[in-house]
Amino acid sequence: MKIGFDNDKYIKLQSEHIKERIAKFDGKLYLELGGKLFDDHHASRVLPGFKPDSKLRMFGQLRESIEIVIVISAEDIEKNKIRADLGITYDEDVLRLREEFRSRGFMVGSVVITHYNGQRAADQFRHRLQRMDIKSYVHYPIDGYPHNVELIASDEGFGKNDYVKTERPLVIVTAPGPGSGKMATCLSQLYNENKRGIHAGYAKFETFPVWSLPLKHPVNIAYEAATADLNDVNMIDPFHLEAYGKTAINYNRDIEIFPVLNALFEGIYGENPYKSPTDMGVNMVGFCISDDEVCCNASRDEIIRRYYAATNKLANGIDNENEVNKIRLLFNQAKITTAYRRTTTAAYERKIETGHTAAAIELEDGTIITAKSSPLLGCSAALLLNVTKHLAGIDHEVKLIPQSMIEPIQKTKIEYLMGHNPRLHTDEVLVALSVLSKDDELCRRALEQLPRLRGCQVHSTVMLSEVDRKIFNKLGCGLTCDPVIKQ
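Residues numbered from 1 in each chain as written. Predicted model: local features only at pLDDT ≥ 70, side-chain atom pairs only at ≥ 80, totals over all residues. Heavy atoms only, no water.

Scanning the protein chain from N- to C-terminus turns up 20 helices and 15 strands. Against the globule reference of 23 Å for 487 residues, the protein chain gives a C-alpha radius of gyration of 25 Å, in line with a compact fold. Principal axes of the C-alpha set define a box for the protein chain whose edges measure 80 × 50 × 40 Å. Counting over 487 residues, the protein chain shows a buried share of 54%. In the protein chain, the share of contacts with a sequence separation of at least 24, taken over all contacts with a separation of at least 6, comes to 68%. Only carbon and sulfur atoms are counted for the fraction: they give 50% of the accessible area of the protein chain, which is about 22,000 Å². (Helix = DSSP H or I, 4+ residues; strand = E, 2+ residues; numbered from the N terminus. Rg over C-alpha atoms; globule rule 2.2 N^0.38 Å. Buried < 20%, exposed > 50% of the residue type's maximum accessible area, 1.4 Å probe, protein only. Contact = heavy atoms within 4.5 Å. Areas by Shrake-Rupley, 256 points an atom, 1.4 Å probe, with all protein chains shown as cover.)

Taken as a whole and judged by the stated rule, the model has 12 aromatic pairs. Relative to Phe50, the ring of Tyr10 lies with its centre 5.5 Å away and its plane at 50 degrees, an arrangement referred to as tilted. Linking Tyr10 in helix H1 (residues 7-23) with Phe50 in the loop between helix H2 (41-46) and helix H3 (54-59), this pair joins segments that are 40 residues apart in sequence. Phe50 shares its class with Tyr10; the two are buried. An aromatic cluster is present here, built from Phe5, Tyr10 and Phe50 joined pairwise through their rings. Seen from the ring of Tyr163, Arg196 lies directly overhead, with NZ or CZ sitting 3.8 Å from the centre. (Phe/Tyr/Trp six-rings, centres within 6.5 Å; stacked < 30°, edge-to-face > 60°. Lys NZ or Arg CZ within 6 Å of the ring centre and 35° of its normal.)

A separate point is the sheet that holds strand S7 (residues 170-174). Here we have seven strands laid out as an open sheet, ordered S6-S5-S2-S7-S1-S8-S11, and parallel in their pairing. The strands lining the two open edges of the sheet, one partner per strand, are strand S6 (136-138) and strand S11 (281-282). Relative to S6, strand S5 (residues 107-114) runs parallel, the two being bridged by three bridges. Residue pairing in the sheet places Val111 in a bridge with Ser136 of S6. On top of the sheet, helix H8 (residues 182-195) reaches strand S1 (29-33), strand S2 (66-73), S5, S7 and strand S8 (201-205); it is set at about 170 degrees to S1, its chief contact. (Pairing = 2+ DSSP bridges. Axes fitted to C-alpha atoms, helices over the stretch in contact; angles between N-to-C directions.)

Right, let's get into the sheet that holds strand S12 (residues 358-362). Sheet architecture is open: four strands sit in the order S13-S12-S14-S15, paired in mixed fashion. Edge positions in the sheet fall to strand S13 (368-372) and strand S15 (478-481), since each of these pairs with one other strand and no more. Each strand axis lies, on average, 15 degrees off the axis of its neighbour in the sheet, ignoring direction. In this structure, S12 lies alongside strand S14 (residues 457-460), joined through four bridges in antiparallel fashion.

For the pair helix H16 (residues 379-392) and helix H20 (residues 466-474), the least separation of the axes is 10 Å and the interaxial angle reads 30 degrees. One way to sum up the angle between H16 and H20 is to call them roughly parallel. Taken together, the residues of H20 that come into contact with H16 (itself represented by Ser380, Leu383 and Leu384) are Asp468, Ile471 and Phe472. Here the contact of H16 with H20 is built from residues that sort into four nonpolar, one polar and one charged. (Parallel < 35°, antiparallel > 145°, perpendicular 65-115°, else oblique. Nonpolar A, V, L, I, M, F, W, Y, C, P; charged D, E, K, R; others polar.)

This part covers the pairing of S13. Residues Ile369 and Ala371 of S13 are buried on one face, while the alternating residues Ile368, Thr370 and Lys372, pointing to the opposite face, are not. Pairing geometry for S12 and S13, over five bridges, is antiparallel. Considered in S13, the bridge of Glu362 is made with Ile368. Between S12 and S13, which pair antiparallel one after the other, the connecting turn spans five residues, and Gly366 there sits at a positive phi close to 95 degrees.

In this model helix H18 (residues 426-437) runs 16 Å from its N-terminal to its C-terminal C-alpha over 12 residues, within 8% of the 16 Å that 1.5 Å per residue would give. Within H18, burial applies to Thr426, Glu428, Val429, Leu430, Ala432, Leu433 and Ser437. (Expected span 1.5 Å × (residues − 1).)

Along the chain, Ser180 turns up in the loop between S7 and H8. Given the relative accessible area of 1%, Ser180 is considered buried. If we ignore the near neighbours within four places in the chain, the residues touching Ser180 are Val71, Ile72, Ser73, Asp76, Tyr90, Thr114, His115 and Ala175.

It is worth spelling out helix H9 (residues 218-226) at this point. Across the nine residues of H9, nine count as buried, placing the element largely inside the fold. Listed as buried for H9 are Pro218, Val219, Asn220, Ile221, Ala222, Tyr223, Glu224, Ala225 and Ala226.

Moving on to the nonpolar core. Here is a general trend for soluble globular proteins: nonpolar side chains tend to be buried in one another's company. The biggest cluster of nonpolar side chains holds 98 residues, and the ones touching the most others in it are Leu47 and Phe59. Residue contributions to this core peak at seven residues, all from helix H11 (residues 252-269). (Core = buried A, V, L, I, M, F, W, Y, C linked by side-chain atoms within 4.5 Å.)

As structure tokens, then:
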């Protein structure tokens, strides 16, 4: 994978600016974490070289001063919203995040359930947290949010929310995904801390959009694609432009909420230390791009990946047509089509040529390898065999897994496990190769090529099964699928 981002420089610059921001407030700082504290795979995809755990490494040196609050929307619990990159619901991810943080020595103080309006699923989740001895609080919808500042900054607005009890000076507010209510939770705490005589501060650990890049830069367009389900829109920050005469990029929700933040700070301190939403954030990403072309190309690929993910959801019966249409519009802004993704074209051509479902992978050197489905193998399983043979220098005609071994596996799947698809999946192919590798040098050599697939791009002309998707995810491949369900 070509590198376009200087991760070490980012850690240094970002950590310095975080410390500067903490020093501006006395005693208590609520730091909203835009994106994920770890597992930030979107950033690592659009900024090749960005490490998914960069933020975690940065905060490690402040571990004893940090308390983490995890926020989840009651609406997302009710809808069983799925975290696409992991395939688990947001409520399950809250528990996963808590254990991940705790295993790394971070204190997780509580869980806040936002947008609470008596949802049954949210009540059940809260009871589950109680049984696990995890503190939880609820925050309520506010009429006119975020524009009705007078109501919001009152006892009938933020004052109705549960006051989240925290112990440490630096409170990181994070969530399984965007739109969970992180900023509103921070602002609610500022209001309620002030009522108790505590002068807390607020800042935002931001990653996207990148304020120092142009509005239509592919990295920023990719962020819009990633949040198309929320209908987020990147915008020029009008407050920043008025205050400094400089163009900076932010997004609609931060710009809309700024008058609320401004009113709150004026009520607490008499003045707002921030002149714009961009001022609120700490984001040095744009200064750490080492190869703009690499990041632009990766971002264009990400826009297309988000499009296929959205069309796959639509094919599965999820009503997200607005999300699909928005990403189509972003294609125009980025001046791309799905054909920009070379694997898409290669898989489609192989499908037309053979009359079977097909898949393609692009290697680091630009080589494209394709495969088709057969009575024995699905196209994704065949692709793994083809690409590992290519990388190991094994002749394409060599059959690594003999038919005599595949047929008993198929019999077990159909006759004993009552399956409908006799073709081997990717995991079954890898297990078969592993068994054979003990006595077969070629199988061993093929397996040894798997680490070389990390960062490679894959496309299938049919929507793959969950097990196949997970295998490619574990191998570190960027997978897209046509919105075609297997018959």
